[in-house]
Each structure stands twice: as structure tokens, then as C-alpha cells.
Amino acid sequence: MYESRISDARWIAYDIPGNIGWIAFLAGIVLCVVKEPPIMESGTIRLLLLPDMLCGAAMLIAIAELIDERIHKLDRVLPKKRLYRGFGMLALAGLVGGAVSLAALGVAAAAGLAGKAYLLLMCGGGLLCLIFGGLLFREYKEI
């Protein structure tokens, strides 16, 4: 079992940007697919969006896990599996998703394609998930 003794104020300070992160990341993916900006003309960027979509799915699984933890009143004391499925997966998906989105942004910039704002949204969202999901993950200590 793992426990966090983080204060409510710090929890909220980490939780809000983390939530903004996964929402921004998923919004960026949806906007790329629905709006089909000029960046989507690149086969490389389309290919890079596949792992981003897997990262988005991982973020959703992590969020579902975190919601389930709240429902079961497990906020501050978690089994190792739940800790890694929740905060661990959120941080890892943010790292990989942000890195892949950054690579796609580089491809778009090199090709001079328009519509890079969606990729920036995904980079920023991934970074927020990595930082704040990771900070919450680190607060848990084995008991």
C-alpha cells in the first residue's frame, strides 16, 4: 500500500493543471481528426497521431481509475496497482504523448504546414500531465 500525506491545498494545486492537461491533450487529438487542418496532409503526422491516440486512451483509463478511487474513498491510500494505473499511467502517457506531439510539431514546422496550434495544445497538455500527474505520483510513499 502507498499513502500520500499531501495537503488539500497542494492536491488541488496539482490536480487542476493535471486535469487541464489531459483535457487539452484529448481536445487536440479530436480537433486534428474532426477539423482536418493542413497538418493532417502529412502522412508522417498522421502516423504520429496513432501513438498519440494510444496515449489519449491511456489518459482516459488513468482518469477512470482516479475517479474510481475517489468513489471508493481511496484518495490518499492506494494499492500499488491503483497508484500506477492512475497517476503513473497519467504521467507516462503525458511524457510519451507530449514527446510524440513535439515530433509531429517539428515535422509540421519543417514542412511549413498550417494548423500547428492543435499540436501545440497536445504538447502542452502532455507536459501538464507529466508534471502534475508525476508530482502527485511522487507524493505517495510505501507504508
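Structure shown above.
I will try to describe carefully the structure that is included in this document. (Residues numbered from 1 in each chain as written. Predicted model: local features only at pLDDT ≥ 70, side-chain atom pairs only at ≥ 80, totals over all residues. Heavy atoms only, no water.)

### Section: the side chain of Glu-69
The line we're drawing: The numbering of helices and of strands both runs from the N terminus, where a helix is a DSSP run of H or I of at least 4 residues and a strand a run of E of at least 2. Any residue under 20% of the maximum accessible area for its type is buried, any over 50% is exposed, and the rest in between are partly exposed; the area is computed with a 1.4 Å probe on protein chains only. The convention is simple: Lys and Arg are positive, Asp and Glu are negative, and His and the chain ends are not counted. Put simply, a salt bridge is a Lys or Arg side-chain nitrogen that is within 4 Å of an Asp or Glu carboxyl oxygen. By definition in these notes, contact holds between two residues if any of their heavy atoms fall within 4.5 Å.
With respect to the helices, strands and loops of the structure, Glu-69 is situated in helix H2 (residues 43-71). Salt bridges are absent for the buried Glu-69, whose nearest opposite-charge side chain, Arg-82, sits at 4.6 Å. Beyond its immediate stretch of four places on either side in the chain, Glu-69 contacts Leu-74, Asp-75, Leu-78, Arg-82 and Leu-83.

### Focus on the packing of aromatic side chains
This is how it is decided: Think of it this way: a Phe, Tyr or Trp ring, Trp meaning its six-membered ring, pairs with another when their centres are within 6.5 Å, and the plane angle makes it stacked under 30 degrees, edge-to-face over 60, tilted otherwise.
Scanning the model with the defined rule gives 4 aromatic pairs in all. Each ring, one from Tyr-14 and one from Phe-132, has its centre 6.2 Å from the other, and the planes form 50°; the classification is tilted. Of this pair, Tyr-14 sits in helix H1 (residues 8-35) while Phe-132 sits in helix H4 (residues 117-139), placing them 118 residues apart in sequence. Of the two residues, Tyr-14 and Phe-132, neither departs from the other in class, the shared state being buried. Through successive ring pairs, a cluster of aromatic residues spans Trp-11, Phe-87 and Tyr-140.

### A closer look at the layout of surface pockets
Threshold: Buriedness for pockets is judged along seven lines, at least five of which must meet protein on both sides within 12 Å for an open set on the 1 Å grid over protein atoms alone, while cavities are sets there where a 1.4 Å probe fits but cannot get out, and lining residues have an atom within 4 Å of a point. Grid points are joined across faces, edges and corners, and a volume is the space filled by probe spheres set on the points. Ten residues, namely Ala, Val, Leu, Ile, Met, Phe, Trp, Tyr, Cys and Pro, are considered nonpolar, four, namely Asp, Glu, Lys and Arg, are considered charged, and the remaining ones, Gly among them, are considered polar.
In this structure, the largest pocket encloses a volume near 170 Å³. As for the largest pocket, its lining consists of Trp-11, Asp-15, Asn-19, Trp-22, Ile-63, Leu-66, Ile-67, Glu-69, Arg-70, Asp-75 and Phe-87. Taken together, the residues that form the lining of the largest pocket break down as 6 nonpolar, 1 polar and 4 charged.

### Quick notes on the sheet that holds strand E2 (residues 77-78)
For clarity, the cut-off: At least two DSSP bridges between two strands are required for those strands to pair.
Spatially, the 3 strands line up as an open sheet ordered E2-E1-E3, and their pairing is antiparallel. In this open sheet, the two edge strands, each paired with only one partner strand, are E2 and strand E3 (140-142).

### Some details on empty space enclosed by the protein
Summed over the entire model, instances satisfying the criterion amount to 1 cavity of 30 Å³ or more. One number sums up the size of the largest cavity: a volume of about 50 Å³. Forming the boundary of the largest cavity are Tyr-14, Asp-15, Gly-18, Asn-19, Ile-63, Leu-66, Phe-87, Leu-90, Phe-132, Gly-133 and Leu-136. The dominant element in the lining of the largest cavity, judged by the number of residues it contributes, is H1, at 4 residues. Looking at the lining of the largest cavity, its residues break down into 7 nonpolar, 3 polar and 1 charged.

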